[in-house]
Every structure is written in C-alpha cells, then in structure tokens.
Amino acid sequence: MRPNSLRHLGLAATIGAMVRPVEATKLTKKFGDFVAVNGIDFTVEPGETFSLLGPNGAGKSSTMKMVSTVSPITSGSLTVLGADPQLDGRNIRQRMGVVPQEDNLDLELTVRENLVIYARYFGISWAAARALSNDLLQFAQLTERADAQVESLSGGMKRRLTIARALVNEPELLLLDEPTTGLDPQARHLLWERLYTLKERGVTLLLTTHYMDEAEQLADRLVIMDQGSIAAEGRPSELIASHVSKEVLELRFPAHPDGTRNRPEGLDRHGFRVELLPDRVLVYADDGEAALQTFRNNGVAPSASMVRRATLEDVFLALT
Amino acid sequence: MISTTRPRWLTITGLRHFLEHQFIRYRATWRSTVISSLLFPIFFLVTIGFGLGSQIDDTSSLGTTDYASFVGPGVLATVAMLQAGGLSLWPTLGAIKWEGTYQAALATPLTAAELATGHILWIGIRVLVGASLYLSVLVMFGIATSPLAALAPLAAALTGLAFAAPLSAFTATREKDSSFGPINRVGLTPMFLFSGAFFPVSQLPDTVEWFSRAMPVWHGVALSRGLITGTIGWFGAVGHTAYLLLWILVGWLFAVRTFTARLSS
C-alpha cells in the first residue's frame with residue numbers, strides 16, 4: 001500500500017480524544033423474558049482496542065447491535081461517540097464503521113462498486129468515492145480483484161472487503177463482530193495484521209470474539225462475558241495473572257474401551273486447582289514441572305503430559 | 001463531538017443514496033427484466049384483446065370502438081399491480097432477510113424509514129418503466145389515441161404503489177414465504193380477473209361489483225383507461241388518484257413501522 005494512504009484514519013480519533021467512544025452503564029437488553037445482556041458496565045477509551053470475549057450466546061452480538069445503534073437498549077445507559085444511539089443514530093453512524101458477523105456485501109455488484117456505493121451513503125462524492133476505493137482496495141489487498149464479482153471471492157477476501165467497506169467514512173470507532181470466524185489460519189493472520197495496522201493509526205476498535213488467541217493478539221483490554229454478564233475485565237496479561245497461574249500442566253489419561261477416560265480419583269487433592277476437560281486435565285501451577293513431579297510422587301501416572309504458559313483460554317475456562 | 005441537532009428521520013439525500021444503489025444493481029439485470037415485463041402485458045393484449053376480441057361484435061356497452069381498446073389500457077394497470085405485488089413478496093423478503101444488503105445500508109447514516117420509503121419507491125420506478133414501454137406498444141396499435149395517454153404510466157405507477165406499500169409492509173413482518181403463494185392465488189389473481197380490465201364490473205352481482213370497486217386496482221384500471229382513450233373527466237381523475245394515494249399513504253406508514261421493527265431486532 002502507498003505510504004500515505006489512509007493515514008487520515010487515526011486523525012479523527014486523536015482530535016476526538018476527549019470523548020470516550022463507548023460508555024455503557026447497567027446496559028441491558030431483553031427479548032421478551034430472555035435477558036440477553038444483563039446490566040453490564042464497560043468503557044472504551046479513545047484509540048484502544050477493546051474486546052468482548054465469550055462463548056456463543058454470551059450477549060456479545062446483542063451488545064454490538066446496541067452500540068451500532070441498530071437495536072434499542074432495554075434499560076441502563078449507553079453513549080456512543082458522546083451521543084445517544086436512540087436519538088442520534090444517524091450522526092453516530094456517520095462516524096462509525098461496522099463489520100457484521102455475517103458478510104453482507106452486495107453480491108450483485110463488483111468489488112469496487114461495493115466500496116463506491118457504500119461511500120455514497122455517507123455523502124461522499126462519486127469522484128472522492130472512486131479515489132478512496134483505490135486506497136481501500138490496496139488496504140484490503142484486493143486491487144487485482146477490483147472488477148471481479150464479489151461472489152467469486154474467497155471467504156478471507158470477502159472479510160477484508162467487508163472491513164475495507166467499513167472504513168469508507170474514516171470512522172473514529174470500528175465495530176467488528178467475530179471478524180475471523182470461519183477463516184483459515186493464513187486468512188486470520190493476514191486479517192489480524194490489517195487490524196493491527198488500523199490500531200497503530202489510532203482507530204478505536206471494539207471487537208467481539210470467542211477466540212482467545214484473537215483477544216490476546218489484538219486487545220488492549222477486554223471483558224469476558226458469560227450469560228449476559230461480565231465475568232472479568234482487564235488487560236489480557238492481568239487477567240491471566242489474576243485468574244490463573246503462570247503455567248498450566250496438561251495431563252492426558254488413556255481411554256477405556258467404553259470411551260470414558262481412565263482418570264484417577266481425587267486429582268484435586270494435591271494442592272492445585274484442576275479443570276477436568278473431556279480429553280485432558282488442566283492443572284494450574286506456577287511451576288508446571290514441579291507440579292508434575294508432585295503428581296508422580298503421589299502415584300498419578302498420566303499417559304502424556306505437557307507444561308505450557310497460561311492463556312486467556314485458561315482464564316475463560318476458570319471463569320465460565 | 002457529534003452534532004447536537006437531532007437528525008431527521010426521512011431525507012431526500014438518504015432516498016437518493018438508496019435509489020442510486022438500486023440503479024447500479026439494476027444495470028446488471030435490466031435487460032432480462034425489461035423484456036419480460038414488456039412481453040407479459042403484450043401476451044394479454046394479443047390473446048385476450050385481439051384473440052378473444054375477434055369474437056365480440058357489439059362493444060357498445062364497453063364505451064370503446066373495439067374490445068382491444070378496452071382491454072389494452074386495463075392490462076396496463078393490472079400488470080402494474082401484478083408486477084408490484086410480485087416485487088413486494090419474495091424479493092422483498094430476500095432483501096430484508098437473506099441478502100443482508102438492507103442491514104448493511106442501515107450501518108450507514110440511512111434510516112429505516114428512508115430504507116422502507118426507498119424500497120417502495122424503487123418498485124414504483126420499476127412499474128413506471130414497464131408501463132412506459134407497454135404504452136408505446138398501445139400507441140403502435142393505435143389504441144392510445146389521447147394526448148392524456150402520456151400520463152397513463154404514472155397512473156400505472158400509482159396502482160403499483162397502492163399494492164407495493166401495504167404488501168411490503170406485510171412482508172416485513174414475515175419470517176417465511178409460506179403465505180406468498182396464497183396471496184398470489186386468492187389475492188392478486190382474483191383482483192386481476194375482477195379488476196374491470198376484461199369486462200365492466202357492472203356485469204357482476206352487486207356485492208361482487210362493490211367489492212371490485214373497493215379494490216385499488218379497479219381505480220387504476222379506470223384511471224388508465226380514461227387517460228389512454230381520453231374519456232376521463234376531472235371528477236374521475238381526481239377521485240381515482242386520491243383513492244390510490246390513500247392506499248399508498250396508509251401502506252407506506254405501515255411499511256415504515258414494520259421495516260423499522262424488523263430491521264432493529
């Protein structure tokens with residue numbers, strides 16, 4: 001990409017640094033009797049990447065739909081770019097980008113037409129929209145496919161085009177709902193690199209994910225959501241430090257012929273917190289090797305063992 | 001900071017952006033749809049207007065010199081209804097539910113009210129284009145003789161909108177298309193047959209006749225025929241137009257509500 005292209009993106013965020021992009025207080029969303037989001041509090045600071053992490057059904061997408069001004073809040077309060085999404089939806093959307101969970105590109109149009117037509121909705125002139133589309137195609141690494149029909153693109157390309165489309169209005173705040181779900185590893189890493197570029201330019205990112213590695217890669221701060229509530233909040237490293245040990249020992253035991261695992265009883269009686277998963281046992285310990293020795297000394301004989309650094313996945317399993 | 005003035009819920013700018021988008025989309029497919037929407041009324045004109053009409057000697061009760069001149073203008077309005085009806089069912093559900101392009105548009109400054117209004121207007125424009133082409137056929141066959149015929153495509157567009165607005169409003173409340181077949185078979189098709197396009201509704205039993213006259217399509221047929229043959233009076237023109245506009249207004253208000261509710265969930 002050209003060195004100067006899209007440099008303007010971060011500028012708006014810098015100027016708007018006095019306003020918090022998102023402030024939610026006791027934010028609640030109900031569908032009939034079902035409480036999708038249960039009184040959550042969170043704040044996104046200018047220029048940071050903030051992540052909502054949680055399993056399917058945790059309330060992430062409902063939260064995103066409220067922030068994107070599409071879905072009315074049930075109770076609590078929510079301000080987006082300093083304004084009320086209910087009353088000022090149009091003005092907020094003028095300065096925000098939205099990458100939905102499902103790509104909703106216009107399949108009847110070419111790659112470039114998708115960008116140009118979308119820019120028109122933001123009041124950008126045809127000439128400016130065409131010029132902008134060149135920059136965005138470079139950003140999305142789709143310049144060679146500019147005149148291709150969208151239908152012919154791979155999943156990763158469609159995702160990058162959807163993200164490029166969300167940047168047509170130089171948003172101060174970019175919402176990304178499960179940006180890499182369904183992509184292969186190469187496509188994911190390329191997308192992370194693109195998002196990291198935006199972050200370096202100062203664009204505020206609010207993203208949901210159920211991938212721990214994604215949150216660890218991108219997020220400055222995150223909340224872990226479960227069943228509509230926030231289970232934990234902090235920086236990735238803080239969450240790991242405060243909710244799990246430094247290291248994790250993974251133990252595997254042989255399977256019975258009937259499919260159950262031949263696990264010894266009372267694995268939690270050796271002074272460590274353990275998590276029993278269907279395929280393996282996690283042992284939280286600051287020194288994994290020492291923990292393994294303790295188990296062996298007590299007659300526990302796993303068929304395989306591994307010591308690794310704790311990740312957000314462990315925090316997630318510990319909390320949910 | 002976000003501007004403190006409250007944004008308006010319906011703007012010409014928003015509608016223009018939405019319609020631009022539809023025009024660009026239409027560029028790829030207009031040939032096939034234009035040809036089919038021109039052939040469809042021509043089939044009725046040829047088979048019923050000229051074919052069946054060749055068996056009819058006395059047209060004195062119709063108020064036209066020959067049967068084709070009676071049917072030709074009626075087909076303009078009824079086909080407008082069928083075209084608008086068709087576009088308000090499956091393609092509307094598709095746009096709202098499956099394609100995702102309407103959801104994408106609502107992540108821009110566009111409002112749901114603008115989207116609903118633009119959606120209905122776009123159907124009206126499609127009907128207007130088809131009706132204009134078909135009018136040129138009526139001119140070629142010497143059926144459209146009055147200068148007022150130039151207004152007939154607008155009458156067809158109003159007829160189409162009188163169905164597009166309430167039907168699109170209904171479609172926006174649907175999850176599945178299971179009701180669309182019955183709407184076609186026991187709604188649009190009978191209205192087509194009882195519209196007064198093929199025979200004067202005064203031939204019908206009184207209750208059926210009044211039912212026919214209450215349907216907007218009868219007013220569309222009367223308006224189109226009166227304009228194309230130059231027989232319309234001021235009273236009829238204003239009355240039929242006002243009745244069609246009433247259906248459009250009520251349907252549009254419902255559509256704004258149902259589109260807003262559907263697309264904000």
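A brief report on the enclosed structure follows. (Residues numbered from 1 in each chain as written. Chains lettered and ligands numbered in written order. Predicted model: local features only at pLDDT ≥ 70, side-chain atom pairs only at ≥ 80, totals over all residues. Heavy atoms only, no water.)

Brief notes about the pattern of salt bridges
When charged atoms on two side chains of opposite charge get close, those side chains can pair.
So, step 1. By the definition in use, this model includes 24 salt bridges over all chains.
So, step 2. Between Arg25(B) and Asp106(A) there is a salt bridge whose closest N-O contact spans 2.6 Å. You can see Arg25(B) sitting in helix 1 (residues 12-51) and its partner Asp106(A) sitting in the loop between strand 5 (96-99) and helix 4 (111-121), one on each of two chains. Across the pair, Asp106(A) and Arg25(B) agree in class, each one buried.
So, step 3. The partner of Glu175(B) in a salt bridge is Arg262(B), and the shortest N-O contact between them spans 3.8 Å. (Salt bridge = Lys/Arg side-chain N within 4 Å of Asp/Glu carboxyl O. Helix = DSSP H or I, 4+ residues; strand = E, 2+ residues; numbered from the N terminus. Buried < 20%, exposed > 50% of the residue type's maximum accessible area, 1.4 Å probe, protein only.)

Considerations on the sheet that holds strand 2 (residues 34-44) of chain A
Residues and elements named next belong to chain A.
So, step 1. With respect to topology, 3 strands assemble into an open sheet ordered 2-1-4, the strand pairing being antiparallel. Two strands bound the open sheet, and with one partner strand each, they are strand 2 and strand 4 (75-80). Averaged over all adjacent pairs, the angle separating strand axes in this sheet is 25°, with direction ignored. (Pairing = 2+ DSSP bridges. Axes fitted to C-alpha atoms, helices over the stretch in contact; angles between N-to-C directions.)

Structural notes on the interface of chain B and chain A
So, step 1. Each side of the interface is counted separately: chain B has 35 residues, and chain A has 31 residues.
So, step 2. Around 2900 Å² of area is buried between chain B and chain A when both sides are counted, 56% of it from carbon and sulfur atoms.
So, step 3. Summed over the shared surface of chain B and chain A, the result is 4 salt bridges.
So, step 4. Linking Arg90(A) and Glu114(B) is a salt bridge whose minimum nitrogen-to-oxygen distance equals 2.7 Å.
So, step 5. Linking chain B with chain A are 14 residue pairs in polar contact (both at pLDDT 80 or more), by the criterion used here. (Contact = heavy atoms within 4.5 Å. Buried area = accessible area lost by both parts, 1.4 Å probe. Polar contact = N/O pair within 3.5 Å; in protein donor to acceptor, adjacent residues only side chain to side chain.)

Some details on the pairing of strand 6 (residues 173-177) of chain A
All names here are of chain A.
So, step 1. Burial runs high along strand 6: 5 of the 5 residues are buried.
So, step 2. Side chains Leu173, Leu175 and Asp177 project from strand 6 onto one buried face, and the interleaved Leu174 and Leu176 project onto a second face that is buried too.
So, step 3. Bridge analysis of strand 5 against strand 6 gives 4 bridges, and the strand direction is parallel. Residue pairing across strands places valine 98 opposite leucine 175, the latter belonging to strand 6.
So, step 4. Pairing between strand 6 and strand 7 (residues 204-209): 5 bridges, direction parallel.

Some remarks on the side chain of Thr63(A)
Residue and element names in this part refer to chain A.
So, step 1. Position of threonine 63 relative to the elements: it lies in helix 2 (residues 60-67).
So, step 2. At 2.7 Å, the side chain of threonine 63 forms a polar contact with the backbone oxygen of glycine 59.
So, step 3. With sequence-adjacent residues up to four places away left out, threonine 63 is seen in contact with Leu27, Val37, Ile40, Phe42, Leu52 and Met225.

Note that all results are geometric; they support no functional claim without further evidence.
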